[in-house]
Each structure stands twice: as C-alpha cells, then as structure tokens.
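# Examining the three-dimensional arrangement
Chain by chain, the residues run as shown.
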Amino acid sequence: MERERLSKTTGYVLTHVCKAHYQRARAMLDEIGLYRGQQFVLCALWEEEGLTHSALADRLHVHPATVTNALKRMERAGFLERRPDPEDQRVSRVYLTDAGRDIRAAVERIWTELVLQTFGGFSEDQRETLEAYLESILE
C-alpha cells in the first residue's frame, strides 16, 4: 500500500521522467563522442570563450572539481584547450578548438530531436507552463 502511494507522488514521477530524459540524451550524445554533461560545458563556451574553471563551475551550477574532470576529458578528446591567463599564471582559461566549434550543429540537432521526442505531444502553451513550473522548482 505504501509503495503504491509513493509511486503516485509528483516527485517519484519527476524522478523517472528525469532519468529517462537523461538516459536518452546520454545515448544520443554518445553517438557524436560526447560524455554526459559535456554539452553544457560546450554551450557555456559557445556563449563566451576564455572562462576560468571557477566561472564555468558557477555557470553550470557544479563544483569546480566536476568542471576540472570534464575539461581534462574534453581536452583529451580535442574539443577545447586550457591556456594560462596572461595576467595570472595560476589561473587557466578555457577555449574551444575547431572541433569544439564544429560539433555545435550536431549538439543542437540532437537537443532539438530530444525536445521533440520528449515534448512533441505538448502544445506550445503546455510546454511554456511546464517550463515555468520547472524553473520555479529550481529557484
């Protein structure tokens, strides 16, 4: 009985939706050689290159160590490079390589496809309402 009530809660359903969305995104991004979460690093750098590790962590709402691990992996994959800050050699800044810029169209295509798969049955008003609710939850 208790198990049935738990499975009917909003939090339970939301957890399963997020898990399914994450798994589908991961599978689709794997096809183009991106590891989980790397698309968010790329998006931040497409908006502004030359960010520090801590600035990236702030934008992505993650711990600096998480960013450092992602950057190492992405640098090995050839998507970005880290360069010392010319004014403070203790700090490094992150820049895209040509590969990091070139993968943008593929990431945007995948993200568009994922949105259509996830929310294709929703009206524009329903998507906007859902997005507003989710943003409220995040705040």
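Residues numbered from 1 in each chain as written. Predicted model: local features only at pLDDT ≥ 70, side-chain atom pairs only at ≥ 80, totals over all residues. Heavy atoms only, no water.

We now examine the packing of helix H3 (residues 38-47) against helix H5 (residues 64-77). Any two packed helices are characterised by the angle at which their axes cross and by the distance between the axes. Closest axis-to-axis distance for the H3/H5 pair is 10 Å, and the angle between their directions is 85°. With respect to H5, the element H3 is oriented roughly perpendicular. Together, Gln38, Val41 and Leu42 of H3 and Ala70, Leu71, Arg73 and Met74 of H5 make up the contact between the two elements. Of the residues in the contact of H3 with H5, the class split is 5 nonpolar, 1 polar and 1 charged. (Axes fitted to C-alpha atoms, helices over the stretch in contact; angles between N-to-C directions. Helix = DSSP H or I, 4+ residues; strand = E, 2+ residues; numbered from the N terminus. Parallel < 35°, antiparallel > 145°, perpendicular 65-115°, else oblique. Contact = heavy atoms within 4.5 Å. Nonpolar A, V, L, I, M, F, W, Y, C, P; charged D, E, K, R; others polar.)

Applying the stated criterion across every chain, the model contains 10 salt bridges. Between Arg59 and Glu48 there is a salt bridge; the shortest N-O distance is 2.4 Å. Pair noted here: Arg59 is in helix H4 (residues 53-60) and Glu48 is in the loop between H3 and strand S1 (51-52), with a separation of 11 residues, a long-range link. Note on Arg59: relative accessible area 37%, which makes it partly exposed. A residue is classified by how much of its surface remains accessible, and Glu48, at 37% relative accessible area, is partly exposed. (Salt bridge = Lys/Arg side-chain N within 4 Å of Asp/Glu carboxyl O. Buried < 20%, exposed > 50% of the residue type's maximum accessible area, 1.4 Å probe, protein only.)

Adjacent strands of a sheet form backbone hydrogen bonds with each other and so pair up, either parallel or antiparallel. Read from one edge to the other, the open sheet built from 3 strands follows the order S1-S3-S2, with strand pairing classed as antiparallel. The sheet is open, and its two edges are formed by S1 and strand S2 (80-84), each paired on a single side. H3 rests against S1, S2 and strand S3 (92-96) of the sheet, and its axis sits at about 90° to S3. Sitting on the sheet, H5 is in contact with S2 and S3, with an inclination near 115° to S2. (Pairing = 2+ DSSP bridges.)

For the rest of this paragraph, the subject is the layout of surface pockets. Computed from the structure, the largest pocket encloses a volume of approximately 1,000 Å³. Along the walls of the largest pocket sit 27 residues, with His21, Trp111, Phe119, Leu134 and Leu138 positioned nearest its centre. Among the secondary structure elements, those contributing two or more residues to the lining of the largest pocket are helix H2 (10-30), H3, H4, helix H7 (104-119) and helix H8 (124-138). By residue number, the principal contributor to the lining of the largest pocket is H8, which donates 9 residues. Class assignment of the residues belonging to the lining of the largest pocket gives a composition of 16 nonpolar, 4 polar and 7 charged. In this structure, the second largest pocket encloses a volume near 420 Å³. Those elements giving two or more residues to the lining of the second largest pocket turn out to be H3, H4 and H5. (1 Å grid on protein atoms, 1.4 Å probe; cavity = no way out; pocket = protein on both sides within 12 Å on 5 of 7 lines; lining within 4 Å. Points joined across faces, edges and corners; volume = space filled by probe spheres on them.)

As a further point, take the environment of Gly120. Mapped onto the elements of the fold, Gly120 is located in the loop between H7 and H8. For the pair Gly120 and Ile32, spaced 88 residues apart in the sequence, the C-alpha separation amounts to 23 Å.

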